[in-house]
Amino acid sequence: MAVNDVECCDDIHVHEELVQRVHENMPEEDKLYDLAELFKVFGDSTRIRMLFVLFEAEMCVCDLAQALNMTQSAISHQLKVLKQSKLVSSRREGKQVFYSLADGHVRTIIAQGMEHIEE
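Here the structure is a predicted model, which means the values were calculated and not measured.

Cut-offs applied
- Residues numbered from 1 in each chain as written.
- Predicted model: local features only at pLDDT ≥ 70, side-chain atom pairs only at ≥ 80, totals over all residues.
- Heavy atoms only, no water.
- Core = buried A, V, L, I, M, F, W, Y, C linked by side-chain atoms within 4.5 Å.
- Buried < 20%, exposed > 50% of the residue type's maximum accessible area, 1.4 Å probe, protein only.
- Helix = DSSP H or I, 4+ residues; strand = E, 2+ residues; numbered from the N terminus.
- Contact = heavy atoms within 4.5 Å.
- Phe/Tyr/Trp six-rings, centres within 6.5 Å; stacked < 30°, edge-to-face > 60°.
- Disulfide = S-S within 2.5 Å.

Right, let's get into the nonpolar core. Side chains that are nonpolar tend, in soluble globular proteins, to be buried together. Of all hydrophobic cores here, the largest spans 20 residues; its most connected members are Leu-51, Leu-64, Ile-75 and Leu-79. Mapped onto this core, the elements with two or more residues apiece are helix 2 (29-42), helix 3 (45-56), helix 4 (61-68), helix 5 (72-84), strand 5 (96-101) and helix 6 (104-118). Beyond its immediate stretch of four places on either side in the chain, Leu-51 contacts Phe-42, Leu-82, Leu-87, Val-88, Leu-101, Val-106 and Ile-110.

Structure below.
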């Protein structure tokens, strides 16, 4: 019944129509890879902290460094990763560059993640 504490079916019966539907709706392998890579970016607590700060307000590197008690160099390094993953965007204002969440999707992911862990 259980293999390594994971429950299994008592008898083998494949539900072909269900398996076929899953195959028809399964995204392409490269899309799944990209999705996994995106979630790896969310898998770092420093980047999550930065995203959470940007969830609240647009900030420059100096502000982020102060808010998170980190060096500007460390902030810049993580911002590069977040920007490459299209999770943050930037805008220049004179000599300063301000960062914000790239779009509403990022805000939704963070909000739903918080909601999930608070259940």
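With that settled, consider the packing of aromatic side chains. Inspection of every chain in the model, using the stated rule, returns 2 aromatic pairs. Ring plane angle 45 degrees and centroid distance 6.2 Å describe the contact between Phe-39 and Phe-42, whose orientation is recorded as tilted. In this pair, Phe-39 and Phe-42 both sit in helix 2, 3 residues apart, roughly one turn of the helix. Classification of Phe-39 as partly exposed rests on a relative accessible area of 49%.

Moving on: the state of the cysteines. Put plainly, a disulfide is one covalent bond tying together the sulfur atoms of two cysteines. In the structure shown here, the tally under the stated rule is 0 disulfides. We note that Cys-9 lacks a disulfide partner, and the nearest cysteine sulfur, in Cys-8, lies 7.2 Å from it. The thiol sulfur of Cys-60 is not disulfide-bonded, and the nearest other cysteine sulfur, from Cys-62, lies at 4.4 Å.

From the geometry alone we can't say anything about function, so treat these as descriptive.
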